[in-house]
Amino acid sequence: MAGHLRLRMALFFVALAALSIFAVFLGGILGIRQGVELNTLIGPVAVAAFGIIVAAALIALLFDENVARPIDALAAALRARAHGGVTAALDARTAKHLADLAPAAAAVCDRLADLDQAREAHLAAATARLEAEKAQLSAILSEIPMAVMAVDHNHRITLYDRQCVHALGGVAALGLGRSVFRYLDETTLRGEIDRLDHAGETLSNIEVPTADDTAIVRARLRRTRDPEGYVLSMQVEDDVMAERPLVFDFALIDRTRRGVDYDMPLSALPFVVFDTETTGLDPSSDEIVQVGAVRMLNGTLVDGEVFDTLVDPGRPIPASSSRIHGITTAMVAGAPNPDRAVLGFHGFARGETLVAHNAPFDLQFLARHASANGTAFDQPVLDTVLLSAALFGESAEHTLDAIAERLDVAIEGAARHTALGDAVATGKVLLRMLPMLASSGIVTLGDATDAMRRHQRLMPEAASLFRSR
């Protein structure tokens, strides 16, 4: 990992200096045995020892600056292109003192980029065909007065349409991979499934209370065997019969683990990537003006599964802050207050790993209002600042813009410094990081947490991220 080579080289020069000083003292001892006066030797030996220390330190610094750091930077750049999907040309000046190594690496990267571009063009064409077919299917389904949801044998949602959002979105934020029991009464639904299985039947009409017991949902339940699970077709009102975009991921079917599991691979975790915009930079006195978040699942940002709200801070927004995020006092009039906004975000993110850039800053704002609501953001948190340090070394720049440029992630100018825009950018950065982390031996949530802890000195306030483990 980043920094290991530099540490080993530093230890090498320390050992070299120690051996040289030992040799000088050994020579002094031999001189005394041959009759040289001790007072005569003390000065030369001290000067020689001091000279060795200074020379070793200077050479070590030069080696670190011109060899070890460039090798680390070159290795990180190669890993970004081999595993992170980066196609930008490698800057050979990164390691200009390593003879032909950097130009040779750049040539390999150019060849890899050509292959990646050809593959991505083929994939884009196939994706476009699938999207067109999906749009046609959505248009057809929009004519059917039902909300459709597919659920796997672990009672997790693998498909839903926009009608489901109308039918159940008021209970909790709808999300792929989440338990259907977040939305529908578990006792009633399990009881009907058990009855069907016992009777050897596959179809029934049921009335199920919502999980918050505020409404009754009339649905047709059909058991499926390949894959095992069931489909719920729920009645909806005619006035919400509009577009029906589908959200699905059938790769979730074989994933059985839930909750916080530090042994779970990062690639299998559902993430909620979030950001806040505020009236200022002091979490103890400033206030939230916007919260944005997007869900990430199975290596992709899930279209439609976002949380985005302006927040009325109950005070004028300083002009200096508005110049950064573009949010004015007039824009937040009528928006939820911070307590309501944070409570809504807590429901959206509940039970899933959080991701943010400089997470301790945002979490301090959220924690203040979560405490007032009687809730807490106590799930694991990944911070892309610390993950970047694990990949590229602490001496590299770790702003969101710098990391995005390093990983060839484009950030729309208009979206920058909006909560949702920055959350999406952070999510795209994490998508590029995940295969790079895996190639560096950071595979599980526990590995990532340990890696961030090792670089905690870069951001001392990050100690709060590790309390839950």
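Starting afresh in each chain, residues are numbered from 1 along the sequence in its written order. Where totals are concerned, whole chains, interfaces and linings use all residues; where local detail is concerned, this predicted model gives features only for residues with pLDDT of at least 70, and gives and counts side-chain atom pairs only at 80 or more. Heavy atoms throughout the structure, all of them, feed into the side-chain values; hydrogens and water do not.

### Digging into the packing of aromatic side chains
Here a Phe, Tyr or Trp ring, Trp counted by its six-membered ring, pairs with any other such ring whose centre lies within 6.5 Å, and the pair is stacked when the planes are under 30 degrees apart, edge-to-face when over 60, and tilted otherwise. According to the stated counting rule, one finds seven aromatic pairs in the structure shown. With a centroid separation of 5.9 Å and an interplanar angle of 40°, the aromatic rings of Phe307 and Phe348 are classed as tilted. Residue Phe307 is located in strand 9 (residues 300-310), and its partner Phe348 is located in helix 7 (residues 338-349); the two are separated by 41 residues in the primary sequence. Each member of the pair, Phe307 as well as Phe348, carries the same accessibility label: buried. Between Phe361 and Phe365 the ring centres are 5.1 Å apart and the planes differ by 65°, which places this aromatic pair in the edge-to-face class. Residue Phe361 and its partner Phe365 are both found in helix 8 (residues 359-373); the two are separated by four residues, about one turn of the helix. Exposure class is identical for Phe361 and Phe365. Each is buried. Taken together, the ring pairs connect Phe274, Phe307, Phe345, Phe348 and Phe377 into an aromatic cluster. Whether a charge sits over a ring comes down to the Lys NZ or Arg CZ being within 6 Å of the ring centre and within 35 degrees of the ring normal. Over the ring of Phe348 we find Arg178; its NZ or CZ atom is 5.4 Å from the centre of that ring. In this arrangement the basic side chain of Arg406 is found over the ring face of Phe392, its NZ or CZ atom lying 4.7 Å from the centre. Under the scheme used here, helices are H or I runs from DSSP no shorter than 4 residues and strands are E runs no shorter than 2 residues, and both carry numbers assigned from the N terminus. Buried residues are those whose accessible area, probed at 1.4 Å on protein chains only, stays under 20% of the maximum for their type, while exposed residues exceed 50% and partly exposed ones sit between those limits.

### Here we look at the side chain of Thr276
With respect to the helices and strands, Thr276 occurs in strand 7 (residues 271-278). Among the residues examined, Thr276 registers a relative accessible area of 4% and is labelled buried. Separated by 2.5 Å, the side chains of Thr276 and Asp362 make a polar contact. When sequence neighbours within four positions are dropped, the list of residues in contact with Thr276 reads Gln290, Val291, Asp362, Leu366 and Ala419. The term polar contact refers here to a pair of N or O atoms within 3.5 Å; inside protein, the definition further demands a hydrogen-donor-capable atom paired with an acceptor-capable atom, and it admits residues adjacent in sequence only when both atoms are side-chain atoms. Residue contacts are defined here by distance: any two heavy atoms, one from each residue, within 4.5 Å place the two residues in contact.

### Details of the side chain of His346
If you trace the backbone, His346 turns up in helix 7. When its relative accessible area of 15% is taken as the criterion, His346 is described as buried. Beyond its immediate chain neighbours, meaning those up to four positions away, His346 contacts Thr375, Ala376 and Phe377.

### Considerations on the sheet that holds strand 10 (residues 353-356)
With mixed pairing, five strands are arranged side by side in an open sheet as 9-8-7-10-11. Each edge of the open sheet carries a strand with a single partner, namely strand 9 and strand 11 (381-383). Direction aside, neighbouring strands of the sheet carry axes that sit 25° apart on average. Across the sheet, helix 11 (residues 419-439) touches strand 7, strand 8 (288-297), strand 9 and strand 10, and the angle it forms with strand 8 is around 30°. Axes here mean lines fitted to C-alpha atoms, for a helix over just the part in contact, with angles spanning 0 to 180 degrees between N-to-C directions. Contacts between helix 12 (residues 445-454) and the sheet are confined to strand 10 and strand 11, with strand 11 contributing the most and set at about 50° to the helix. The pairing criterion is simple: DSSP has to find at least two bridges between the two strands.

### Examining the environment of Phe13
Relative to the helices and strands, Phe13 resides in helix 1 (residues 4-33). Along the sequence, Phe13 and Ala55 sit 42 residues apart, while their C-alpha atoms lie 10.0 Å from each other. Beyond its immediate sequence surroundings of up to four residues, Phe13 is in contact with Ala56, Ile59, Ala60 and Phe63.

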